[in-house]
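Notes for the structure review
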Amino acid sequence: QVQVVESGGGLVQPGGSLRLSCAVSGNIFSIVATGWYRQALGKQRELVAAISSGGRTNYGDSVKGRFTISRDNAKNTVYLQMNSLKPEDTAVYYCNVDLQVTLFRSPEGYWGQGTQVTVSS
C-alpha cells in the first residue's frame, strides 16, 4: 500500500509565503516523478510544478519565479515553496507521485487528499 499525504496549506495574506509538503510512504521501489497540481473552484486541475527522479523541474507559467519545488530523497518528501502569493493562487493543492511498487511493475500515479491554500486579506 502507498500513502501520499500533503500538508502545509492554510490562509495567508497576498504577498505572503507558504511551504507545502508531500510525504510518500508504504511499498515503494522507486519514485519516478512528483508533481504538484491545483484545482480552484469551478476550474480544471492544473499542473503547478513537477520534479523528476533526475532532479529536472518544470513549472506552470503562472507560478514561474514565485514557486520552487524541491525534494528530500531520504524522507521521500517533496516540497513546494510558494512566495509572493496572489489571490488567484487560492485552490486545493494536490500531490501526485509516479512510482513503481516493484521492479517488474510499470510506474503508476498516486494522489494525495489535497490541502487547501487560501490567499486573502
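**So, the pattern of salt bridges**
Taken as a whole, this structure holds five salt bridges when the rule is applied. For Asp 61, the salt bridge is made with Lys 64, and the minimal N-O distance between the two is 3.1 Å. As a salt-bridge pair, Arg 66 and Asp 89 come within 2.8 Å of each other at their nearest N and O atoms. Here the residue Arg 66 occupies a position in the loop between β6 (57–59) and β7 (67–72), and Asp 89 occupies one in the loop between β8 (77–82) and β9 (91–100), the gap between them amounting to 23 residues. Of the two residues, Arg 66 and Asp 89, neither departs from the other in class, the shared state being buried. Linked through salt bridges whose partners overlap, the residues forming this network are Arg 38, Glu 46, Arg 66 and Asp 89.

**Here we look at the nonpolar core**
Looking at soluble globular proteins, one finds that nonpolar side chains tend to be buried together. Among the nonpolar cores identified, the biggest contains 26 residues, and Trp 36, Val 48, Phe 67, Leu 80, Met 82 and Tyr 93 are the most heavily contacted of them. In terms of residue count, the dominant contributor to this core is β9 (five residues). When neighbours within four sequence positions are excluded, Phe 67 is seen to be in contact with Arg 38, Val 48, Tyr 59, Leu 80, Gln 81, Met 82, Asn 83, Leu 85, Asp 89 and Tyr 93.

**Points about the side chain of Arg 38**
Among the secondary structure elements, Arg 38 is positioned in strand β4 (residues 30–39). Of note is the side chain of Arg 38, whose polar atom sits 2.7 Å from the side chain of Glu 46. A polar contact of 3.1 Å, which involves the side chain of Arg 38, links it to the side chain of Ser 62. Those residues in contact with Arg 38 that sit more than four places away from it in its chain are Gln 44, Arg 45, Glu 46, Val 48, Ser 62, Val 63, Phe 67, Glu 88, Asp 89, Ala 91, Val 92 and Tyr 93.

**Here we look at the pairing of strand β3 (residues 18–26)**
Two strands pair when backbone bridges link them, and strand β1 (residues 2–7) and β3 are joined in this way by six bridges, in the antiparallel orientation. Within β3, the position partnered with Glu 6 by the bridge is Cys 22. Sheet topology note: the β3/β8 ladder contains six bridges and is antiparallel. What sits directly across from Leu 20, in β8, is Leu 80.

**A short note on the environment of Thr 77**
Checked against the element boundaries, Thr 77 lands in strand β8. On the basis of relative accessible area, Thr 77 is assigned to the buried category, the value being 9%. Separated by 71 residues in the primary sequence, Thr 77 and Glu 6 have C-alpha atoms spaced 9.6 Å apart. Residues in contact with Thr 77, not counting those within four places in the same chain, are Ser 21, Cys 22, Ala 23, Ser 70, Arg 71 and Asp 72.

Definitions and limits used
- Residues numbered from 1 in each chain as written.
- Predicted model: local features only at pLDDT ≥ 70, side-chain atom pairs only at ≥ 80, totals over all residues.
- Heavy atoms only, no water.
- Salt bridge = Lys/Arg side-chain N within 4 Å of Asp/Glu carboxyl O.
- Helix = DSSP H or I, 4+ residues; strand = E, 2+ residues; numbered from the N terminus.
- Buried < 20%, exposed > 50% of the residue type's maximum accessible area, 1.4 Å probe, protein only.
- Core = buried A, V, L, I, M, F, W, Y, C linked by side-chain atoms within 4.5 Å.
- Contact = heavy atoms within 4.5 Å.
- Polar contact = N/O pair within 3.5 Å; in protein donor to acceptor, adjacent residues only side chain to side chain.
- Pairing = 2+ DSSP bridges.

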